[in-house]
Amino acid sequence: MTESYGWVPEGVDITVPDASRVYDYALGGVHNFAVDREFWHRAEKMFPDARLVARANRAFLGRAVRRLTALGVRQFLDIGSGIPTLGNVHEVAQEADPEARVMYVDIDPIAVQQSRSLLVGNPYARVVQGDLRKPDDILYHPEVLDLFDFSEPMAVLTVAVLHFVPDSAGPAAILRRLGEPLVSGSHLVLSHFGPASTPEGREAQEQTRRLYEKTPTPLVIRSREQIAALLGDEFELLPPGVAGSAEWHPDPDEAADPPQPTVLVAMARKRA
Ligand SMILES: C[S@@+](CC[C@H](N)C(=O)[O-])C[C@H]1O[C@@H](n2cnc3c(N)ncnc32)[C@H](O)[C@@H]1O
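Residues numbered from 1 in each chain as written. Predicted model: local features only at pLDDT ≥ 70, side-chain atom pairs only at ≥ 80, totals over all residues. Heavy atoms only, no water.

- An unreviewed UniProt entry annotates the protein as SAM-dependent methyltransferase originating from Paractinoplanes aksuensis.

**Comments concerning helix α5 (residues 109-118)**
A turn of α-helix holds 3.6 residues, and therefore any two residues three or four places apart point the same way.
In step 1: Listed in full, the buried residues belonging to α5 are Ile110, Ala111, Val112, Gln114 and Ser115.
In step 2: Of the surrounding secondary structure, the elements contacted by the buried residues of α5 are α1 (19-26), β2 (101-106) and β3 (125-129). (Buried < 20%, exposed > 50% of the residue type's maximum accessible area, 1.4 Å probe, protein only. Helix = DSSP H or I, 4+ residues; strand = E, 2+ residues; numbered from the N terminus. Contact = heavy atoms within 4.5 Å.)

**A look at the site of the ligand**
In step 1: Near the ligand lie 19 residues; those nearest to it are Tyr23, Asn57, Arg58, Gly80 and Asp106.
In step 2: Tyrosine 23 places a side-chain nitrogen or oxygen 2.6 Å from an oxygen atom of the ligand.
In step 3: Contact distances for the ligand include 2.7 Å between an oxygen atom and a side-chain N or O atom of aspartate 106.
In step 4: With the chains in place, 97% of the 600 Å² that the ligand exposes on its own is no longer accessible.
In step 5: Listing elements by their share of the shell around the ligand, those giving two or more residues are α1 and α3 (50-70). (Near = heavy atom within 4 Å. Polar contact = N/O pair within 3.5 Å; in protein donor to acceptor, adjacent residues only side chain to side chain. Areas by Shrake-Rupley, 256 points an atom, 1.4 Å probe, with all protein chains shown as cover.)

**Things to note about the environment of isoleucine 174**
In step 1: Inspection of the secondary structure assignment puts isoleucine 174 in helix α8 (residues 171-179).
In step 2: Since its relative accessible area comes to 4%, isoleucine 174 is described here as buried.
In step 3: Separated by 119 residues in sequence, isoleucine 174 and arginine 55 place their C-alpha atoms 27 Å apart.
In step 4: In contact with isoleucine 174, other than residues within four places in its own chain, are Leu132, Arg133, Pro135, Val165 and Ala169.

**Comments concerning the nonpolar core**
Nonpolar side chains tend to gather and get buried jointly when the protein is soluble and globular.
In step 1: Among the nonpolar cores identified, the biggest contains 44 residues, and Val65, Leu68, Phe76, Val89, Leu157 and Val189 are the most heavily contacted of them.
In step 2: Considering every element that reaches this core, the biggest residue donor is α3, with nine residues.
In step 3: Core analysis: the second largest hydrophobic core is formed by 31 residues, Leu190, Leu230, Val242 and Ala268 among them. (Core = buried A, V, L, I, M, F, W, Y, C linked by side-chain atoms within 4.5 Å.)

**Overview of the pattern of salt bridges**
In step 1: In total, this model carries 21 salt bridges according to the counting rule given.
In step 2: For arginine 74, the salt bridge goes to aspartate 97, with nearest N and O atoms at 3.0 Å. You can see arginine 74 sitting in the loop between α3 and β1 (75-79) and its partner aspartate 97 sitting in the loop between α4 (89-96) and β2, a full 23 residues away along the chain.
In step 3: Assessed through its relative accessible area of 28%, arginine 74 is described here as partly exposed.
In step 4: Overall, the relative accessible area of 22% leaves aspartate 97 in the partly exposed class.
In step 5: Measuring nitrogen to oxygen at the nearest pair gives 2.5 Å for the salt bridge that ties aspartate 136 to arginine 177. Of this pair, aspartate 136 sits in helix α6 (residues 135-139) while arginine 177 is found in helix α8, placing the two residues 41 residues apart along the sequence.
In step 6: Since its relative accessible area comes to 35%, aspartate 136 is described here as partly exposed. (Salt bridge = Lys/Arg side-chain N within 4 Å of Asp/Glu carboxyl O.)

**Section: the side chain of serine 81**
In step 1: Relative to the assigned elements, serine 81 resides in the loop between β1 and α4.
In step 2: When neighbours within four sequence positions are excluded, serine 81 is seen to be in contact with Arg58, Tyr104, Val105 and Asp106.

**Details of the layout of surface pockets**
In step 1: One number sums up the size of the second largest pocket: a volume of about 580 Å³.
In step 2: Along its surface, the second largest pocket is lined by 23 residues, and Arg55, Arg58, Ala59, Glu254 and Ala255 are the ones closest to its centre.
In step 3: For the lining of the second largest pocket, the element with the most residues is α3, which contributes seven residues. (1 Å grid on protein atoms, 1.4 Å probe; cavity = no way out; pocket = protein on both sides within 12 Å on 5 of 7 lines; lining within 4 Å. Points joined across faces, edges and corners; volume = space filled by probe spheres on them.)

**Section: the environment of glutamate 180**
In step 1: You can see glutamate 180 is positioned in the loop between α8 and β5 (187-193).
In step 2: For the pair glutamate 180 and glycine 72, spaced 108 residues apart in the sequence, the C-alpha separation amounts to 20 Å.
In step 3: Not counting chain neighbours up to four residues away, the residues in contact with glutamate 180 comprise Glu234 and Lys270.
In step 4: Separated by 2.6 Å, the side chains of glutamate 180 and arginine 177 make a polar contact.

**Thoughts on the environment of valine 112**
In step 1: By the secondary structure assignment, valine 112 is in helix α5.
In step 2: Measuring from C-alpha to C-alpha, the distance between valine 112 and serine 81 comes to 8.8 Å, with 31 residues separating the pair along the chain.
In step 3: Excluding residues that lie within four positions of it along the chain, valine 112 makes contacts with Asp106, Val127, Val128 and Gln129.

**A look at the packing of helix α2 (residues 34-46) against helix α9 (residues 199-212)**
In step 1: Where α2 meets α9, the closest approach of the two axes is 8 Å, and the angle between their N-to-C directions is 165°. For the element pair α2 / α9, the angle class is roughly antiparallel. Considering the relative orientation of α2 and α9, their crossing is right-handed. Residue-level contacts link Phe39, Arg42, Ala43 and Met46 of α2 to Ala204, Gln207, Thr208, Leu211 and Tyr212 of α9.
In step 2: For the contact of α2 with α9, the class distribution of residues is six nonpolar, two polar and one charged. (Axes fitted to C-alpha atoms, helices over the stretch in contact; angles between N-to-C directions. Parallel < 35°, antiparallel > 145°, perpendicular 65-115°, else oblique. Left-handed = near helix turned anticlockwise from the far one by under 90°. Nonpolar A, V, L, I, M, F, W, Y, C, P; charged D, E, K, R; others polar.)

And the structure:
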């Protein structure tokens, strides 16, 4: 069957696998290409739990946003937001408050385009293209300044994206910069690919990591300690700290997949 590429924005290279499209495929989406699907099947062969990892990550995102809305947060800056799928941040947040504000940011033009078309008619949720490695361009983007009230608490979400930021790009400095303009009551949420617990698992991960070297966003695996260290002085880690996704405030009403210890997650609060 031939794929129709009429919806692909100009300049997008569909001959190279891309993290957003690979993840979209993993979650059952349709905005991906043969090269992404092939990449995913190779990754899954090496790392059979890969789909469960993607699902565990997505489930964490939903729990984190629900928790934040319960804490009174009504503004969400979701960086590395991906191609829209089930349980998007604005859907979860606006269930608690229809006027909750959400700005999606992604480096991938397809993620931006698909988010934009989903958000037509929603005055409180928007999307811009941006690069987490350039936090000032995000914070001072005219649409971001227009949507958010920086005198009110905000949540910055960096879910399944920091592992695409190498040490050379200064991930701790990026988080510090993102945290600086936030007022007390603001939060940072992250999830990150972490090391497997067995030598076989680590070998499988290493193969997956090498596979990602062929994409525009190579993968960096970090330990719990390394992830905690990224938070610096700007944020205070909340219980249970950097944890496996299944250990992080499990929801008794949620259908639970087997725990995925390689999905490390955390929520932190802006220090007063
Ligand atoms: C695995 S998806 C995660 C999507 C969503 N946050 C979630 O957890 O369900 C990672 C996303 O990060 C985006 N990404 C990778 N590097 C980025 C960067 N430097 N700045 C912004 N987005 C980036 C990719 O395009 C992709 O859409």
